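Listed below are the residues making up each chain.
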Amino acid sequence: MDKSLLMELMNMEAQQLVSKYKDDLINDLMGLLAIDSVKGEPVKDAPVGEGPKKALEFMIDLGAKAGLPTKTVDNLAGHIEFGGGEGLFGVLGHVDVVPPGKGWTSDPFEPVIRNNEIIARGVQDDKGPTMAAYYALKILHNEGYKFNQRVRLIIGTDEESDWQCTDAYFKSEEMPDAGFSPDAEFPVIHGEKGITSFNIVQSNLDDEYTDSDIELKAFISGERYNMVPESAEAKLKVLTQMSSIIQAYEGFIRKTGNEGSYEIDGGFLKLELSGKSAHGSTPEEGVNAGTELLKFLSEIELDANGSQFVKFAQEYIIGNLTGGQFNMAHHHEEMGNVSVNTGMINYTEVDGGIFGVNLRYPAGLDFDAGIKNLEAMIKESGFAIEDVSDQKPHYVDKNDPLVLTLLESYRKHTDDDREAFTIGGGTYARTLETGVAFGAMFKNTVDTMHQKDERMNIDELMLATVIYLEALYNTCVEK
Ligand SMILES: [Zn+2]
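Conventions adopted
Residues numbered from 1 in each chain as written. Predicted model: local features only at pLDDT ≥ 70, side-chain atom pairs only at ≥ 80, totals over all residues. Heavy atoms only, no water. Core = buried A, V, L, I, M, F, W, Y, C linked by side-chain atoms within 4.5 Å. Buried < 20%, exposed > 50% of the residue type's maximum accessible area, 1.4 Å probe, protein only. Helix = DSSP H or I, 4+ residues; strand = E, 2+ residues; numbered from the N terminus. Pairing = 2+ DSSP bridges. Domains from an automatic or database assignment. Contact = heavy atoms within 4.5 Å. Buried area = accessible area lost by both parts, 1.4 Å probe. Salt bridge = Lys/Arg side-chain N within 4 Å of Asp/Glu carboxyl O. Phe/Tyr/Trp six-rings, centres within 6.5 Å; stacked < 30°, edge-to-face > 60°. Lys NZ or Arg CZ within 6 Å of the ring centre and 35° of its normal.

Observations concerning the nonpolar core
Okay, so step 1: Membership of the largest hydrophobic core comes to 68 residues, with the highest contact counts inside it found for Y134, F438, Y468 and L472.
Okay, so step 2: A per-element tally of this core places helix 11 (residues 458–476) first, with 12 residues.
Okay, so step 3: One finds F252, F296, V310 and I378 within the second-largest nonpolar core, a separate group that totals 49 residues.

And the structure:
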């Protein structure tokens, strides 16, 4: 068939084709949503529990019933294959979900439709988008279009936790030449920062008795690397000058505008401070209660160990949002700056202090060299680095044909002309060598992922399917 004629047909047909399959798509999605696929304890032949395995089988069965080749790997992941030939394109979604939590207006695993929205755990993240992508491929296949390569819909079951699924899958299965993951938002996410976490630990505590009038007994703030701590607490033993410390603290609270309180119990003083939580990838949007309280402690003369802890924080932690104080500042034109969130700060008089750091970095920073250098830098101050984990940055050039084609396919069916962008968080796309995240949230979609009453508008579900069909037609169909 003439190429331009086929393109024309496609223009008209994409939406018509998808609407022809609307009822089937919704039916299958409702079936998938009815499976409680929260990660569970490993049992025989189900390494992440029965629920995720059942959801995987549900998808694989759809493919098998449609007469397509399928494969599962360790009951953790699998694929449905379309087309044939040398090349391989991957579409990567997941069918595990996070626990539903409380406050739902209907059963999270009995999907219902209200106001043209499907409400169920996982409908937005990521069962709805995965089903949309499956139908895009299935429609092209059913309607007789010929793929110019193999296309695999790859389904994982451990995305929300440990990514055992993709680890296992890509150990034995071929890495696609290119692909996308429908597990985020439109238009296209073409870069994701490297994500690291590490602990900075006070390593040489002074065991000798110090006769300071004020001793730091304990400090606690934050529970997770990837969140800005919203509260902090310090416990001091105060031998003299209790009232002047309290006065200073009240002054500090007034001056900084933070919310704080204190409690006196015998010779002990407990200070509490509130900040503002934010995601660890955007520490500048929060107020770190821990580092704020440390600022106050730096105005007080503490015992030797407490003072070493606070002095270290002054030099390396407080105000260090872009890595400069670690000597790891780096800027990438598209991916932006290094970000540093100190998500956990703890101190006890017995064990000393520990800072739990979540550092994210754009392409171009040598993190391994940076962390080695930091380790050497802080040794003098009596601190060491432990428990380093590092996921490398993921970056696909903005002008890569994959990015351009997906963007064009998206724009054809929307009036949103935003460019492809990069983020500080991580998406499933990073498990692909040349992969980007592509949908399925639109510009004005309310993000209900991981929340109660998770929902997806049916028109948006259909539109996402149209866009995936368009994109797969443009990348993988013989013209
Ligand atoms: Zn997801």
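From this point on, the discussion continues.
A closer look at the pairing of strand 7 (residues 178–181)
Each regular strand shows side chains that alternate between the opposite faces of the sheet.
Okay, so step 1: The two faces of strand 7 match: A178 and F180 on one face and G179 and S181 on the other face are all buried.
Okay, so step 2: Of the pairings in the sheet, the one linking strand 3 (residues 88–94) to strand 7 comprises three bridges and is parallel in character. Its bridge partner lying in strand 7, F89 is registered against A178.
Okay, so step 3: Summarising the sheet, strand 7 and strand 22 (residues 435–437) pair through three bridges and their orientation is parallel. Within the sheet, the bridge partner assigned to F180 lies in strand 22 and is V436.

Brief notes about the domain arrangement of the chain
One frequent convention defines the size of an interface as the accessible area lost when the parts assemble.
Okay, so step 1: Taken domain by domain, the chain comprises domain 1 (3–192 + 394–476) and domain 2 (194–391).
Okay, so step 2: Here the C-alpha centroids of domain 1 and domain 2 sit 40 Å apart.
Okay, so step 3: Opposite the 12 residues of domain 1 that make contact, domain 2 presents eight residues.
Okay, so step 4: The three residues of domain 1 that bury the most area against domain 2 are Y395, G424 and R430, which together make up 54% of that side's buried surface.
Okay, so step 5: Connecting domain 1 to domain 2 are zero salt bridges.
Okay, so step 6: Those elements that provide at least two residues to the side of domain 1 that touches domain 2 are strand 9 (189–192) and strand 20 (394–395).

Re the packing of aromatic side chains
Okay, so step 1: Using the criterion set out here, one finds 29 aromatic pairs in the structure.
Okay, so step 2: On the numbers, 4.8 Å between centres and 35° between planes, the contact of F309 with Y347 is tilted. Remark: Y347 occurs in strand 17 (residues 339–348) and F309 occurs in helix 8 (residues 304–317); sequence separation between them is 38 residues. The exposure classification of F309 matches that of Y347, with both residues buried.
Okay, so step 3: Members of the aromatic cluster, each reached through a chain of ring pairs, are F89, F180, F186, Y410, F438, F442 and Y468.
Okay, so step 4: Taking NZ or CZ as reference, K235 lies 5.1 Å from the ring centre of F268, over its face.
Okay, so step 5: Looking at K479, its charged tip hangs above the ring of Y473, at a distance of 4.9 Å from the centre.

Examining the pattern of salt bridges
Okay, so step 1: Inspection of every chain in the model, using the stated rule, returns 20 salt bridges.
Okay, so step 2: Across the pair E143 and K20 runs a salt bridge, and its minimum N-O distance is 2.9 Å. One end of the pair, E143, is in the loop between helix 4 (123–142) and strand 6 (150–156); the other, K20, is in helix 1 (residues 3–20), with 123 residues separating them in the sequence.
Okay, so step 3: For K20, a relative accessible area of 56% gives the class exposed.

Thoughts on the pairing of strand 17
Okay, so step 1: Of all 10 residues making up strand 17, eight are buried, and the element is well covered by its neighbours.
Okay, so step 2: Examined bridge by bridge, strand 11 (residues 214–221) and strand 17 share four bridges and lie antiparallel to one another. Bridge pairing links I220 to N346 in strand 17.
Okay, so step 3: Summarising the sheet, strand 17 and strand 18 (residues 352–361) pair through nine bridges and their orientation is antiparallel. Looking across to strand 18, one finds that S339 is bridged to R360.
Okay, so step 4: Counted along the chain from strand 17 to the antiparallel partner strand 18, the turn is three residues long.

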